[in-house]
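Coordinates in review
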Amino acid sequence: MMWTLDNWGENLVACWWGGPLYQWVKASGTGTPAAVVGAAPGAMRTFYVSERDRHLVALGATDGTNTIIADGGGPMTMAWCDTANLSTWIPSPTNEAGNLRLEIGSTILATVGTQLGQLVFTDAAAYISRFSGLPYVFTTVKVSEGHNAPLGPRAVVAREGIGYWMGPTDVHSFDGMVRTVPCPVRDVLFDNLDRNNAFKVTAGLNRQFGEILFYYPDVRDGLNENSRWVASNADGWSMGNYGRTAWADENITTTLPVACDASGKLYLHETGIDAAGS
């Protein structure tokens, strides 16, 4: 099960791929579990929080009641709540809730924030989504079509405002244009990529070293989970033989990256002299 998590003010919002939106309210304390946001679309692939204007944007949003989204939505639909209000999703002339359908592809796949806007990927195109205010609230511009889409929803990351992702045959970037990133370890990486489990590829950012990482499943290991990594920074590319399934860079709770492996162990990175501590 693949989850998306983000902050909503002091609260936590989350969804699993194809599931409903949950919110954990800090004021309720750790003894109170997260609850489904009943006003939101009943299912979504993933979401992002548009921080400047305080909207939560559900991607691949489906509304089984046809009340939030007139046509019921689906895997190509973006839907968003009113500004700073998770309880209002039905559009009206007096709020900023709304929805739209992307045209090219069969499903929204992934998203990452860049200096030019929110980069939203379908399986056949890439769009930049920006807040534009009423009457449309959000506008989308297609920036690429027929490109190598990300292998999965976690195969995307941003560094210094530029988006990066691992596609089926190359690593790509977006800085206003979609580009193929030169990668001297490309043949080793993609010749051994376990394509049956490539949806699990997980990207991460290590700001301390200006580094992007991709954890991926390798057929040589036969684990059906992410088992190796490649990383790129100013010194070039490197590779390693351990896997992670989730990654969080330094933040207000830790000055070091925290990651998780397929067994559920948590690791504090960039401390000590080996990768064995958990």
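Let us look at the structure shown here. The structure displayed is predicted, hence computed values, not measured ones.

Here we take up the side chain of Asn 95. Along the chain, Asn 95 falls in the loop between strand E7 (77-80) and strand E8 (98-101). Here Asn 95 falls in the buried class, since its relative accessible area comes to 9%. Here Ala 97 takes part through its backbone nitrogen, which lies 3.0 Å from a polar atom of the side chain of Asn 95. Non-local contacts of Asn 95, meaning those with residues more than four positions away in its chain, are made with Asp 82, Thr 88, Ile 90 and Leu 134.

With that out of the way, let us pick up the environment of Thr 180. Among the structural elements, Thr 180 can be located in strand E16 (residues 178-180). The sequence separation of Thr 180 and Asn 148 amounts to 32 residues, and the corresponding C-alpha distance is 9.6 Å. Thr 180 has contacts with Asp 170, Val 171 and His 172, leaving out every residue within four places of it along the chain.

Taken together, the three strands give an open sheet; going across it, the order is E21-E22-E23, and neighbouring strands pair in antiparallel fashion. Every interior strand has two partners, whereas the edge strands, strand E21 (246-248) and strand E23 (266-268), have only one. Pairwise comparison of adjacent strand axes, ignoring direction, gives a mean angle of 20° for this sheet. Strand direction decides the pairing type here: strand E22 (residues 258-260) and E23, joined by three bridges, are antiparallel.

What follows deals with the pairing of strand E6 (residues 55-59). Buried residues dominate E6, accounting for five of its five residues. Side chains His 55, Val 57 and Leu 59 project from E6 onto one buried face, and the interleaved Leu 56 and Ala 58 project onto a second face that is buried too. Bridge count for strand E5 (residues 46-50) against E6 is five bridges, and the pairing is antiparallel. In the strand pairing of E6, Tyr 48 is matched with Val 57. Counting the residues that bridge the hairpin from E5 to E6 gives four residues, and of these Arg 54 lies at a positive phi of roughly 60°. Alignment of E6 against E7, held across three bridges, turns out to be antiparallel. Paired with Ala 58 across the two strands is Ala 79, which belongs to E7.

Here the focus is the packing of aromatic side chains. Inspection of the entire model under this criterion finds eight aromatic pairs. Judged by centre distance (5.0 Å) and plane angle (65°), the rings of Trp 80 and Phe 138 are edge-to-face. Of the two residues, Trp 80 sits in strand E7 while Phe 138 sits in strand E12 (residues 137-145), which places them 58 residues apart along the sequence. Of the two residues, Trp 80 and Phe 138, both sit in the buried class. Geometrically, the ring pair formed by Tyr 215 and Tyr 242 is tilted, given 6.2 Å between the ring centres and 40° between the ring planes. Pair noted here: Tyr 215 is in strand E18 (residues 211-216) and Tyr 242 is in the loop between strand E20 (236-240) and E21, with a separation of 27 residues, a long-range link. Here Tyr 242 falls in the partly exposed class, since its relative accessible area comes to 25%. Chaining the aromatic ring pairs together yields one cluster made of Tyr 215, Trp 229, Tyr 242 and Trp 247. Across the ring face of Trp 8, the terminal group of Arg 54 is positioned such that the distance to the ring centre comes to 4.3 Å. The lysine or arginine in question, Arg 244, covers the ring of Tyr 267, its NZ or CZ lying 3.8 Å from the ring centre.

What counts and what doesn't
- Here the residue index of a chain counts from 1 through its sequence in written order.
- pLDDT decides what is reported in this predicted model: residues at 70 or higher carry local features, side-chain atom pairs at 80 or more are listed and counted, and totals for whole chains, interfaces and linings draw on all residues regardless.
- Hydrogens and water molecules were not included; the side-chain quantities draw on all heavy atoms of the structure.
- Helical segments are the DSSP runs of H or I of at least four residues, strand segments are the runs of E of at least two, and each set is numbered from the N terminus.
- Buried means the residue's accessible area, taken with a 1.4 Å probe over protein chains only, is under 20% of the maximum for its type, while exposed means over 50%, and partly exposed covers the values in between.
- The term polar contact refers here to a pair of N or O atoms within 3.5 Å; inside protein, the definition further demands a hydrogen-donor-capable atom paired with an acceptor-capable atom, and it admits residues adjacent in sequence only when both atoms are side-chain atoms.
- When checking whether two residues touch, look at their non-hydrogen atoms; a contact exists if any pair is within 4.5 Å.
- Only strands joined by at least two bridges in the DSSP assignment are considered to pair.
- In this analysis, axes come from line fits to C-alpha atoms, helices being fitted only over the stretch in contact, and the angle between any two N-to-C directions falls in the range 0 to 180 degrees.
- Planes of paired rings set the category: under 30 degrees apart is stacked, over 60 is edge-to-face and the rest tilted, where pairs are Phe, Tyr or Trp rings (Trp by its six-membered ring) whose centres lie within 6.5 Å.
- Note on geometry: a ring has a charge over it if NZ (lysine) or CZ (arginine) is within 6 Å of the ring centre and within 35 degrees of the ring normal.

All we've got here are geometric facts, nothing functional implied.
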